[in-house]
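Observations on the model geometry
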Amino acid sequence: WYQRRVHGKQWYQRRVHGKQWYQRRVHGEDWRSLIMKNLLIAAVLIASTWKQTFASTSMTEENQKDIAEIARILRETVQPDLDELTTKHNLLVENAIAVIDKSLEYVDKFTEDLKTHLETRISAVDENAMSNFELLEKTTGDMLTAFKDTMVTNLNNINTKSEEEHNEIIAWTHQRAHLHEDLLKTRVTACAYDHGHFGAGPVTYDSRDGGYIEDSVSIRIYNNTDIKPEEVLDRETGIFKVPEHGAGEYLFTFTVTIDSFDQKLSPSAYFFMKNDVKIEGTKIYANVGFSKNHDRVPGSRTILLKLEENDKVSVTQELETDVQDYQISFCGALLHLEKASESPGGLYADATAPQFPSGTEADQDAWEYEMPEFKTTTIEPFDYESNRNAKESIVGQTNILEEAKIESLKAEAEEWNKTNWP
């Protein structure tokens, strides 16, 4: 469009440049003189024609008057009208050229201003676009760096938390394993012997011939190895006492060689006692023999008891005798610790305990994408008001064109009665 408008200017200029030639032709005195001469020649020819046609003197005079009147009309009316016509025609040409010049000037100014406006707007868009791209690039880099740092921090937190929980699980497992090991290491065995026993009452093992059977004493409750043998099996009282934390199932064995034939009163009768109460069904008794050399009967009884802490087990002989029995021994041994059945892991086996290891979430830092604030480009509409004066001047020139319209000639010949013509 711009090229068409600009190229059109050259066409207007070619058309307008003919003004000089036209003005030379119109403004020259030769042109007006030529018209007058032609009109006079026409009048003479008309008069000659009339003279040849009408030869009478009266008609010749009449024609001469008409020719004179025509010459007067041509001189006084037609020539001024032609002069006015020439003036208005020249004014029309000048105003047309002025309007064309103003129009071209307006178009050129409009095109230049539009070009400047578009270049300015395009430049502003380019600058904002580059600024926004740079901001986006910087923001993206910063966000990726922040995202990487957040991920590294979160992974470190997870690793630290996992390591802590791993260590807690290991420590908890170790504690539970230690409890199991302590259960497995717990043992209570003790055996005492003596040369013999005489009379009714508790059986003891404290004579100078008595003692603990070699390698029979082994006492350890969990990790407690400081328990003395006499705290479990007291040779002086003959009582086997369950140590602290030693509740469970125990095996007891009592052996004796009974001298049954030499008794004048009655052979011995032995019973196991629990907390000073005779345990029925545990009696050891013999009354066989046919001579004092063939009357010693070995007797033995083994029982299983479920005992609690500090329970006491012993052996007693309930009958009055007058002969000593021989080769007595008493053993007690822990078979199964009650704790091993009730709660071998203790607190460390209780999943409801607050200290029981459990997985928890590690602290995680949040990461959010921050949207950059992009610059916006405002495209202002092209309002061509800066050259309003030029536009108004063109409007004014068109008014001049209206004023320069050529009116009909007001010749006095219109008032001339054409009936005067022959």
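Structure: see above.
In this report, we go over the structure that sits alongside the text. Owing to the predicted nature of the structure, the values given are computational and were not obtained by experimental measurement.

Side note on the overall build of the chain
When helices and strands are counted, the chain shows seven helices and 13 strands. When contacts within the chain are restricted to residue pairs at least 6 apart in sequence, those whose partners lie at least 24 apart make up 81%. Carbon and sulfur atoms provide 53% of the accessible area of the chain, an area that totals close to 27,600 Å².

Brief notes about the side chain of Asp-325
With respect to the helices, strands and loops of the structure, Asp-325 is situated in strand 13 (residues 325-337). Comment: no salt bridge for buried Asp-325; closest opposite-charge side chain is Arg-296, at 8.2 Å.

Section: the state of the cysteines
Defined simply, a disulfide is a covalent bond joining two cysteines at their sulfur atoms. Across all of its chains, the model carries one disulfide by this definition. Through a disulfide, Cys-191 is tied to Cys-331; the S-S separation comes to 1.9 Å. Classification of the bridge connecting Cys-191 and Cys-331 rests on its S-S torsion, roughly 125 degrees, and on that basis the disulfide is right-handed. With a gap of 140 residues between them, Cys-191 in strand 1 (residues 187-197) and Cys-331 in strand 13 connect regions that are remote in the sequence. For Cys-191, a relative accessible area of 13% translates into the label buried.

Here we look at the nonpolar core
In globular proteins that are soluble, nonpolar side chains generally tend to be buried together. Judged by nonpolar contacts, the single largest core of 33 residues is most densely connected at Phe-240, Tyr-250, Phe-252, Phe-254, Tyr-270, Phe-272 and Phe-330. Looking at this core, the elements that each hand over two or more residues are strand 1, strand 7 (248-259), strand 8 (269-274), strand 11 (296-307), strand 12 (312-317) and strand 13. Here the element with the most residues in this core is strand 7; it accounts for five residues.

Brief notes about a nonpolar patch on the surface
Together, Met-130, Phe-133, Leu-136, Phe-147, Met-151, Trp-367, Tyr-369, Met-371 and Phe-374 line one region of the surface with nonpolar side chains, adding up to about 890 Å² of accessible area. In this structure, Tyr-369 sits in the loop between helix 6 (338-342) and helix 7 (388-403). Exposure remark for Tyr-369: the relative accessible area of 41% places this residue in the partly exposed category.

Description of the packing of aromatic side chains
Tallied over the entire structure, the rule returns eight aromatic pairs. Ring centres of Tyr-205 and Phe-330 lie 6.1 Å apart, and the angle between their planes is 5 degrees; this geometry places the pair in the stacked category. On the criterion of sequence distance, the pair formed by Tyr-205 in the loop between strand 2 (201-202) and strand 3 (211-212) and Phe-330 in strand 13 is long-range, its members being 125 residues apart. Summarising the burial analysis for this pair, Tyr-205 and Phe-330 share the class buried.

Comments concerning the pattern of salt bridges
Using the criterion set out here, one finds eight salt bridges in the structure. Measuring nitrogen to oxygen at the nearest pair gives 3.0 Å for the salt bridge that ties Lys-138 to Asp-142. Residue Lys-138 and its partner Asp-142 are located together in helix 4 (residues 57-185), separated by four residues, close to a single helical turn. What makes Asp-142 partly exposed here is its relative accessible area of 37%. Residue Lys-306 is joined to Glu-338 by a salt bridge in which the shortest nitrogen-to-oxygen separation is 3.7 Å. Placement of the pair is Lys-306 in strand 11 and Glu-338 in helix 6, with a sequence separation of 32 residues.

Examining unusual backbone geometry
You will see that Tyr-222, though not glycine, has its phi angle at about 55 degrees, which is positive. Relative to the assigned elements, Tyr-222 resides in the loop between strand 4 (218-220) and helix 5 (229-232).

A look at the pairing of strand 13
In terms of burial, strand 13 is largely enclosed, as 10 of its 13 residues are buried. As defined by bridge partners, strand 7 adjoins strand 13 across nine bridges and the pair is classed as antiparallel. Residue Glu-249 lies in a different strand from strand 13, and its bridge partner there is His-336.

Concerning the environment of Pro-243
Its place among the elements puts Pro-243 in the loop between strand 6 (239-241) and strand 7. With a relative accessible area of 8%, Pro-243 lands in the buried category. Apart from residues lying up to four places away in sequence, Pro-243 is in contact with Val-188, Ile-221, Ile-227, Tyr-250 and Glu-309.

Quick look at the environment of Lys-283
Topologically, Lys-283 is positioned in the loop between strand 9 (277-278) and strand 10 (284-285). By relative accessible area, which is 36% here, Lys-283 ends up partly exposed. Along the sequence, Lys-283 and Gln-317 sit 34 residues apart, while their C-alpha atoms lie 9.4 Å from each other. Apart from the residues within four sequence positions on either side, Lys-283 is in contact with Ala-269, Tyr-270, Phe-271 and Arg-301.

Quick notes on the rules
- Residues numbered from 1 in each chain as written.
- Predicted model: local features only at pLDDT ≥ 70, side-chain atom pairs only at ≥ 80, totals over all residues.
- Heavy atoms only, no water.
- Helix = DSSP H or I, 4+ residues; strand = E, 2+ residues; numbered from the N terminus.
- Contact = heavy atoms within 4.5 Å.
- Areas by Shrake-Rupley, 256 points an atom, 1.4 Å probe, with all protein chains shown as cover.
- Buried < 20%, exposed > 50% of the residue type's maximum accessible area, 1.4 Å probe, protein only.
- Lys, Arg positive; Asp, Glu negative; His and termini not counted.
- Salt bridge = Lys/Arg side-chain N within 4 Å of Asp/Glu carboxyl O.
- Disulfide = S-S within 2.5 Å.
- Core = buried A, V, L, I, M, F, W, Y, C linked by side-chain atoms within 4.5 Å.
- Patch = residues over 30% accessible without salt bridge, like charges linked within 9 Å, V, L, I, M, F, W, Y side chains within 5 Å.
- Phe/Tyr/Trp six-rings, centres within 6.5 Å; stacked < 30°, edge-to-face > 60°.
- Pairing = 2+ DSSP bridges.

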